[in-house]
Structures are given as C-alpha cells and as structure tokens.
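Residue-level structural notes
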Amino acid sequence: MLKRYVLLLSVVLLLLIGCNTAESNPNKKLTPVTFVLDWTPNTNHTGIYVAESEGYFEEEGLDVEIIMPGEAGAGHLVATGKADLGISYQESLMMARDSDLPLVSVGAVIQHNTAGYASPVEKNIVEPTDFENKVFGASMSELSKAIMKTSMEENGADYTKVKSTNIGDSDFFVAAERDIDFSLVFQGWTGIEAEIRGQELNMIYLNDLSEGLDFYTPIIATSEKMIKENSEIVDRFMTATTKGYEFAIDKPEEAADILTKNVPDLNEELVKESQKWLATKYQDDASEFGIQETERWEKVKDFMVEHDLIDAEFDVNQAFTNEFITEK
C-alpha cells in the first residue's frame, strides 16, 4: 500500500512539474520593448499582432507594446530612442540616414514593392505614356516627383506633361471619382478593397517600371544604438516576429482573425482578402523571411542619388543588416 501511495504521489508531482514547465512563469520578468507602427494597423503589421497574441514575444522574454506614430513619425521615434523598433520603408530610411538619423533596417516585411499607380479602368491608363495630361493625386514631395519622373522617363513618357493635385489623406475612391485620374496605392490594401467594391482598377506596379523602384517596403527598423547596446533584444524580437509572419504565410485566415480581434474597427472582409493576397508576398522569392540583398539596396541607392535625394557617398551596408534573420 505504501509503495502504491509513493508511486501515485510521484506521478502527481511529475504532472505538476510538467504543467509548470509548459506554462509561462508568472514571476518571470519580461523585458519591455516598444514597437511603433507607421500607420493605422493593417495587414502589413499582422505578423506583429500574431507574435503578440500567440505568445511568441513572451517566449523570447519580451513584453512588446505596440504604439501609433503620432505626428513625429515612426522613424523619428525609433532614431531618437523613444521607440525601440518600428515599421519604416527603405526609401524613407535612406533619406533619414542621409539626414543623420541613425536608423538601420533589420528585416523586410514584404520582399518586393507592391505599390503601383492605380486608376479606374475607364480612365484607360495602362502605361506611363498615358500619365501625360492626366491628373495625379499626391503630395508631390521630392521623392514622389522622383518616382514619377523615373517611371515616365524610363518608359518613353514626358514627365513635364503630368498634372498633379494634393489629395492629402483623402479616400482614393472618392478622389478618383471627383478630383484625379490616378494615384499611387498599395495593391495589398487599396487594390483588394477595389475588388471587394467590384470596382476594376488598372494597376501599374513600380517594380515593373524600374529596378530602382523595387523598394523593400515596408521594413522593420531600429537604431544603431539599439543594435550596439541591445542586440540580444533585437535578435529575440526578430525571432518572434519571424514566427508571427510565418504563421501569417501558412495560415492567412487565422492570422486575419487575430488581427481583427486585436483591431476590431478594421473591415473583416478586407483584412481576410488582403491577408490571403499578402501571404505569398511576405517572403516571396527570398530564401528566408525578412532577408535583404545588397544588390537591391544599391539599385535603390542609384535611383536616390540620381535624383539628389541622398548623397553619393551613402553606404548601403550601414543601412541594413541580415544579422537578425532566422535561418531555417
């Protein structure tokens, strides 16, 4: 009888130890990390929300707070240490570094540029020469002008003939109906919304117009200081984030549910359809999620230098790193 009691007690203790091992230790101190988005939450950010909801950050000992950029912008918050990491874009990060903001790209969220010039099909805009004498809706910043000029001139069109008007944050569909002929949008969001609305668009992708326009966009950025002083935290963050995006790649519908659960104001149908489309775009033809190539950075640099957006001495190898990319 005593032996049976001891054996039963041993089994119970083993089960309790197993349960405690499987569950997170409530007393375990997590390292706080602040992550800033570039815009309101959308499917570019799904992997971050998955990593949070599925406990991937906690597994890496991190307590991640997701914040909005505000007027300062994500790049400025990360560069000044007010956020540890955040969402950025290759082209804007390069311009920021050229202005002495020490940002570094540590991973590509989407492997190729999914932005393009969109227009309702009835506008008959199917190639850059069709931009001539049409109204383009944008702020026409120096970068926007450079993108338009390259898009047109490298494809036999006269850049001086395009018209423009600043539509600010206006809804693309309202602006296209009322004020403009075409604008620059992301297929993974606005393009998908058009399909849901039953509105046919012609889409001219930037990366089809010039190799120098195939930006890594968006990217995950941090600061040089963060890498120097807290590289282990960056590494753990990217390990968890990679798991989050791999989940979104393998299970887009479940990932969409996680995003809408965390951000209930989002259009559920739009999120689901966008997530399905982006599932094949996150890693695309890259060997690993998040990896970036020097050759691509150099081509974008050539475009930026040509249009006096950055200095010719810009060092791309200081602007990005694959140090934190998880190899399968």
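Residues numbered from 1 in each chain as written. Predicted model: local features only at pLDDT ≥ 70, side-chain atom pairs only at ≥ 80, totals over all residues. Heavy atoms only, no water.

Side note on the sheet that holds strand E5 (residues 115-120)
Basically, it comes down to this: Two strands are counted as paired when DSSP detects at least two bridges linking them. Under the DSSP-based scheme used, a helix requires at least four consecutive residues in state H or I and a strand at least two consecutive residues in state E, with every element numbered from the N terminus. The axes used here are C-alpha line fits, helices contributing only the stretch in contact, and every angle between their N-to-C directions lies in the interval 0 to 180 degrees. Contacts: residue pairs with any heavy atoms within 4.5 Å of one another.
The strand order E7-E6-E8-E5-E9 describes an open sheet built from five strands, whose pairing is mixed. Of all strands in the sheet, those bounded by a partner on one side alone are strand E7 (163-165) and strand E9 (201-205). Averaged over all neighbouring strand pairs, the angle between strand axes comes to 35°, with direction disregarded. Judged from the four bridges that link them, E5 and strand E8 (residues 182-186) form a sheet pairing that is antiparallel. Considered in E8, the bridge of Ala118 is made with Ser183. Relative to E5, helix H6 (residues 142-153) is tilted by about 75°, and along the sheet it contacts E5, strand E6 (135-137) and E8. Here helix H8 (residues 187-197) sits on the sheet in contact with E8 and E9, set at roughly 115° to E8.

Re unusual backbone geometry
With an omega dihedral of 0°, the bond running from Thr217 to Pro218 counts as a cis peptide bond. Within the secondary structure, Pro218 sits in the loop between helix H9 (206-209) and strand E10 (219-223).

Points about the sheet that holds strand E4 (residues 103-108)
Judged by pairing direction, the sheet is mixed, and its five strands sit side by side in the order E2-E1-E3-E10-E4 without closing on themselves. In this open sheet, the two strands that pair with only one neighbour each are strand E2 (62-67) and E4. Mean inter-strand twist for the sheet, computed between neighbouring axes without regard to direction, equals 30°. Across four bridges, the pairing between strand E3 (residues 85-88) and E10 is antiparallel. Bridge pairing links Ile87 to Ile220 in E10.

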